[in-house]
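Architecture at a glance
Each chain, letter by letter, is given below.
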Amino acid sequence: MTAPAGPQALVQLDHVTKYYGNIKALHDVSLEVHAGEITCVLGDNGAGKSTLIKIIAGLHRHDDGRFLVDGEETVLANPRDALDRGIATVYQDLAVVPLMPVWRNFFLGSEPTTGTGPFKRLDVRLMRETTRAELLRMGIDLRDVDQPIGTLSGGERQCVAIARAVHFGAKVLVLDEPTAALGVKQSGVVLKYVAAARDAGLGVVLITHNPHHAYLVGDRFVLLKRGAMAGSHTKDGVTLDELTRQMAGGSELDELSHELERATAPTSFGGRPVDGGNG
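Sequence order as written defines residue numbering, which begins from 1 separately in each chain. Residues qualify for local features only when their pLDDT is at least 70, as the model is predicted, and side-chain atom pairs are given and counted only at 80 or more; totals for whole chains, interfaces and linings, by contrast, use all residues. The side-chain quantities take in all heavy atoms of the structure and omit both hydrogens and water.

**Some thoughts on empty space enclosed by the protein**
So the rule is basically this: Both site types are read off a 1 Å grid over the protein atoms alone. A 1.4 Å probe that fits but cannot get out defines a cavity, while an open set with protein on both sides within 12 Å along at least five of seven lines defines a pocket; lining residues have an atom within 4 Å of a point. Grid points are joined across faces, edges and corners, and a volume is the space filled by probe spheres set on the points. Three residue categories are used. Nonpolar comprises Ala, Val, Leu, Ile, Met, Phe, Trp, Tyr, Cys and Pro, charged comprises Asp, Glu, Lys and Arg, and polar comprises the others, including Gly.
With the rule as written, the count across this model stands at 1 cavity of 30 Å³ or more. Counted as a void, the largest cavity has a volume near 30 Å³. Lining of the largest cavity is provided by L10, V11, V69, D70, R85, G86, I87, K171 and V172. Here the residues of the lining of the largest cavity are counted per class, giving 5 nonpolar, 1 polar and 3 charged.

**What to know about helix α4 (residues 124–137)**
Each full turn of the α-helix corresponds to 3.6 residues, which orients residues three or four apart in the same direction. Filter applied, for reference: Each helix corresponds to a stretch of at least 4 residues labelled H or I by DSSP, and each strand to a stretch of at least 2 residues labelled E; elements are numbered beginning at the N terminus. Helices are assigned an expected span. That span is 1.5 Å times one less than the residue count. Contacts between residues were defined by any pair of non-hydrogen atoms, one from each residue, lying within 4.5 Å.
Between the first and last C-alpha of α4 there are 20 Å, a value that for 14 residues agrees with the 20 Å anticipated at 1.5 Å per step. For α4, the secondary structure elements touched by its buried residues are α3 (102–106), β8 (121–122) and α5 (154–167). Immediately beyond the C-terminal end of α4, within one or two residues, lies G139, with a positive phi of roughly 85 degrees.

**Topic: the pattern of salt bridges**
So the rule is basically this: The working definition used for a salt bridge is a side-chain nitrogen of Lys or Arg within 4 Å of a carboxyl oxygen of Asp or Glu. The buried label goes to any residue with under 20% of its type's maximum accessible area, the exposed label to any with over 50%, and the partly exposed label to all in between, with areas taken from a 1.4 Å probe on protein chains only.
Applying the stated rule across the entire model yields 13 salt bridges. Here E37 ties to R220 by a salt bridge, and the two come within 2.7 Å at their closest N and O atoms. With a gap of 183 residues between them, E37 in the loop between β2 (23–33) and β3 (38–42) and R220 in strand β11 (residues 220–225) connect regions that are remote in the sequence. According to the relative accessible area criterion, R220 is partly exposed, its value standing at 23%. Residues R80 and D84 are paired through a salt bridge, measuring 3.4 Å at the closest nitrogen-oxygen approach. Within this pair, R80 and its partner D84 are both found in helix α2 (residues 79–84), separated by 4 residues, close to a single helical turn.

**Considerations on helix α6 (residues 184–199)**
With 16 residues, α6 ought to run about 22 Å at 1.5 Å a step, and its terminal C-alpha atoms sit 22 Å apart, in line with that. Within α6 the residues assigned to the buried category are S187, V190, L191, Y193, V194, A195, A197 and R198. Considering only its buried residues, α6 is in contact with β3, α5, β9 (172–176), β10 (203–208) and α7 (211–217). Looking one or two places after α6, you find G201, whose phi comes out positive at around 100 degrees.

**Some remarks on the layout of surface pockets**
Looking at the largest pocket, its volume works out to about 780 Å³. Around the largest pocket sit 29 residues that line it, and L83, A88, T89, V90 and R164 are the ones nearest its centre. When the residues that make up the lining of the largest pocket are grouped by side-chain class, the tally is 19 nonpolar, 6 polar and 4 charged. Estimates place the volume of the second largest pocket at around 230 Å³. In terms of lining residues, the second largest pocket is bounded by 14 residues, among which D44, L224, K225, Q246 and M247 are the most central. Considering every element that reaches the lining of the second largest pocket, the biggest residue donor is β11, with 3 residues. Taken together, the residues that form the lining of the second largest pocket break down as 6 nonpolar, 5 polar and 3 charged.

**Some thoughts on the packing of α5 against α6**
Describing two packed helices takes the angle between their axes plus the distance from one axis to the other. To be explicit about the condition: Geometry is summarised by axes, namely lines fitted to C-alpha atoms with helices restricted to the contacting stretch, and by angles between N-to-C directions that run from 0 to 180 degrees. In this scheme, roughly parallel covers angles under 35 degrees and roughly antiparallel covers those over 145, while 65 to 115 is roughly perpendicular and the rest are oblique.
Their axes nearest at 9 Å, the elements α5 and α6 cross at an angle of 10 degrees. Taken as axis vectors, α5 and α6 run roughly parallel relative to one another. Between α5 and α6, the residues in contact are G155, E156, Q158, C159, I162 and V166 and Q186, V189, V190, Y193, V194 and A197, respectively. Class assignment for the residues of the contact of α5 with α6 results in 8 nonpolar, 3 polar and 1 charged.

See the structure below:
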């Protein structure tokens, strides 16, 4: 008897491989992104997270395997193609203009206009009102959307970027290390809005090297190591301790701990024992 099919993934990578010349940046990586779920991709520097983002965002094409959007195998031509398919990516360095107001950054590149011909101009009132309303809908209550976005904290700027993606119709939201440069309190603020995007029905890909942040909000976890998959779990199939252990290297960490164990006797320098006395 055939098991009933689960809900179709918004985005699916099926045994995807990517080469840069002779370098294999990704090897046989699979993941699924579902509506109303957060898929966390974990790995240290050099694990392949950046390459994975670039494939999903349409910056680079995969060389092997399948990339499916809404169940249809596809190759994204460029980031605009990804956006047209409902895939929005928020990078760690946030493409904002610090001296421009929040509302101007919210609509940057997609500004609505009013009037025609020589009387055509930016619809500033609509942009201000929409920005304020969309931020409030996500639970973000800014004092003033006219303030320069550069005056906001790193966490607040991340939240504005998330609200912007939701407003412009993203179905899949890819977040590149959104808490990497933030303290504990600001990280908590960002994770709250990541969860809000999930609750709004988006499929979220959270790229992070922090298993504690991932486990707080994640539904699925994919671990990368040197471009290959080191693990794939659902929330009910792994504990935080096990996720952290796999992220840290598991058996490699055990081996390292043995190498770093100190003898109980005092260490000697230059073949001479250390004198623990006072003279």
